[in-house]
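Descriptive analysis of the structure
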Amino acid sequence: MGNATEWFDYGVYAATATYLTHAFFPGLGTAFTMLGFAVSFLLRPVGGLVWGPLGDRIGRKAVLATTILLMAGATACIGILPTHAQVGILAPILLFVLRIVQGFSTGGEYGGAATFMAESVDDRRRGFLGSFLEFGTLTGVVGGTALVLLLQVILGDSAMQSWGWRIPFLVALPLGLIGWYLRSRLDESPVFTEVAERTDQQHGGLWALKALVLKYPRELLTLAGLVIALNIVDYTLLSYQPTYLESTIHISDSTTTAMVLVGQLVMMVFLPLSGALSDRVGRRPMWLVSLVGLGVLAVPMYWLMGQGIGWAIVGFIVLGLLFVPQLSTISATFPAIFPTQVRYAGFALSYNLSTAIFGGTAPYIDQAVIDATGWKLFPAFFMVAGCVVGLVSWFFLRETVGASLRGTGVPHTDEIPIQPTQPVV
């Protein structure tokens, strides 16, 4: 539910980019709206530095209940902002401030949710059960995109430009309140509880971060490289794609929204299947297939998208399905890179730094390069570059399928025997 709320905002922001440009950046172009998208990522690393060590000290549950309220509140406030026509430059400034608040809260959201999920399920089904976290991601994106499409059909372009774009942002508030209620009733992660009872949790956050950097540099760098690949593809394909198809290939707003929606629904169908497959063959083979496939086919598929709406749907679905092996195994792969006592902090720090630099900025970089050079295939080559970085990190990724996440050692299939089935919490 938290992941759906987080990505509902990103889905709505991407699907309403043209309306936001009209409301907040008239005459400046879509690139400034994409800059607003990127701004939300500036404080994600700071959020990771705050929420990560806190989650390793006081528990996953308390942090997750807090971050979802911050996320939903910031998103809903976008829906009541004055426009540039009403208050001038103050309007985009307020938009950027709310995006930063949203980024700060998400700095602890995803790492905490994935960590909690990985620590609370059967080790032998971690891929399948963890894939539902990303199912929540796409549910949020699809929900945001579908709501914008429905409003476009019902209200028409004029009403959407005037006031209709506000409605999807306001919907985030009840979503967040439902998520907060559900999270507040969860039991704490059993893996965290076990380690907390046996180890000293009195050290401050700075001590924990120092220990993390000094003792686990391989793990931090491995995760960072994989996240570079993951997020360049993710934010280009799932967040920037509607803007790319509208502004570059000149497909209409509603057609673009419907096309991306179909592609995302297809991805949702395959997510649990891919997660279950990773429990049988391992995480490393899944990532290898995805990184190589995207690296080889990104450019041909983007060229195909330029040949018309039918081919654009085919290209988007092919790339989306190649991305699924990464997306479906995030919550099974990334938390297992670190031991329990630094898992939340390690995940949050490395994930959010890479996301802030290479993920959230991807739509802005894509649009800025296209605007400056006219090179319509740049997003595809950017994705290829990310996959190359990911392949380098892949060589250092330990296989953890079936390995227990309990204890204070680094999980590893070859070094830690598979434990008996844990009860599902």
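You'll find the structure just up there.
About the cut-offs
- Residues numbered from 1 in each chain as written.
- Predicted model: local features only at pLDDT ≥ 70, side-chain atom pairs only at ≥ 80, totals over all residues.
- Heavy atoms only, no water.
- Helix = DSSP H or I, 4+ residues; strand = E, 2+ residues; numbered from the N terminus.
- Rg over C-alpha atoms; globule rule 2.2 N^0.38 Å.
- Buried < 20%, exposed > 50% of the residue type's maximum accessible area, 1.4 Å probe, protein only.
- Areas by Shrake-Rupley, 256 points an atom, 1.4 Å probe, with all protein chains shown as cover.
- Lys, Arg positive; Asp, Glu negative; His and termini not counted.
- Charge placed at Lys NZ, Arg CZ, Asp CG, Glu CD.
- Phe/Tyr/Trp six-rings, centres within 6.5 Å; stacked < 30°, edge-to-face > 60°.
- Lys NZ or Arg CZ within 6 Å of the ring centre and 35° of its normal.
- Axes fitted to C-alpha atoms, helices over the stretch in contact; angles between N-to-C directions.
- Parallel < 35°, antiparallel > 145°, perpendicular 65-115°, else oblique.
- Contact = heavy atoms within 4.5 Å.
- Nonpolar A, V, L, I, M, F, W, Y, C, P; charged D, E, K, R; others polar.
- Patch = residues over 30% accessible without salt bridge, like charges linked within 9 Å, V, L, I, M, F, W, Y side chains within 5 Å.
- Salt bridge = Lys/Arg side-chain N within 4 Å of Asp/Glu carboxyl O.
- Left-handed = near helix turned anticlockwise from the far one by under 90°.
- Expected span 1.5 Å × (residues − 1).
- Core = buried A, V, L, I, M, F, W, Y, C linked by side-chain atoms within 4.5 Å.

Side note on the overall build of the protein
Secondary structure summary: the protein contains 19 helices and zero strands in total. Taking 2.2 N^0.38 as the reference for a compact globule, 425 residues should give roughly 22 Å; the C-alpha atoms of the protein span a radius of gyration of 21 Å, in line with that estimate. Overall, the protein is about 60 × 45 × 35 Å in size when its C-alpha atoms are taken along their principal axes. Taken across its 425 residues, the protein has 59% of its residues classed as buried. Here the protein displays about 15,400 Å² of accessible surface, and carbon together with sulfur accounts for 72% of that area. Taking the 22 positively charged and 24 negatively charged side chains of the protein as two groups, their mean positions are separated by 5 Å.

Details of the packing of aromatic side chains
Summed over all chains, the structure comprises 16 aromatic pairs. Ring geometry for Tyr240 against Tyr244: centres 5.9 Å apart, planes inclined by 55 degrees, an arrangement best described as tilted. In this pair, Tyr240 and Tyr244 are both assigned in helix H12 (residues 217-247), four residues apart and thus about one turn of the helix distant. Here Tyr240 matches Tyr244 in class, with each residue buried. One aromatic cluster is present, built from ring pairs that chain together Trp287, Phe334, Phe347 and Tyr351. In this structure, Arg99 packs its charged tip against the face of Tyr13, placed 4.2 Å from the ring centre. Above the ring of Trp394, the side-chain terminus of Arg284 is found at 4.0 Å from the ring centroid.

Some thoughts on the packing of helix H2 (residues 17-24) against helix H3 (residues 30-39)
Two elements in contact, H2 and H3, have axes whose closest approach is 9 Å; the angle formed by their N-to-C orientations is 105 degrees. Relative to H3, the element H2 lies roughly perpendicular. Residues Ala17, Leu20 and Thr21 of H2 pack against Thr30, Thr33 and Met34 of H3. Class assignment of the residues belonging to the contact of H2 with H3 gives a composition of three nonpolar, three polar and no charged.

Some thoughts on a nonpolar patch on the surface
Together, Met1, Leu69, Leu173, Leu177, Ile178, Trp180, Tyr181 and Leu182 make up a nonpolar patch on the protein surface, roughly 740 Å² of accessible area in all. Broken down by element, the nonpolar patch gets its largest block of residues, six residues, from helix H9 (residues 166-184).

What to know about the packing of helix H1 (residues 2-15) against helix H5 (residues 60-78)
Any two packed helices are characterised by the angle at which their axes cross and by the distance between the axes. At a minimum axis distance of 10 Å, the contact between H1 and H5 shows a crossing angle of 25 degrees. Put simply, H1 runs roughly parallel to H5. Like other packed secondary-structure pairs, H1 and H5 cross with a definite hand, here left-handed. Here Gly2, Thr5, Glu6 and Asp9 of H1 lie close against H5, whose contacting residues are Ile68, Met71, Ala72, Thr75 and Ile78. In the contact of H1 with H5, the residues fall into four nonpolar, three polar and two charged.

Focus: H5
Given a rise of 1.5 Å per residue, 19 residues ought to cover 27 Å, and the 28 Å separating the end C-alpha atoms of H5 matches this to within 8%. Listed in full, the buried residues belonging to H5 are Arg60, Val63, Leu64, Ala65, Thr67, Ile68, Met71, Ala72, Ala74, Thr75, Ala76 and Ile78.

Here we look at the nonpolar core
Ranked by size, the top nonpolar core spans 101 residues in total, and within it Phe24, Leu212 and Phe334 carry the most contacts. Among the elements that take part in this core, H12 stands out by supplying 15 residues, more than any other. Aside from chain neighbours lying at most four places away, what touches Leu212 is Pro217, Leu220, Phe338, Val342, Ala345, Gly346 and Leu349.

Don't take any of this as a statement about function, it's just geometry.
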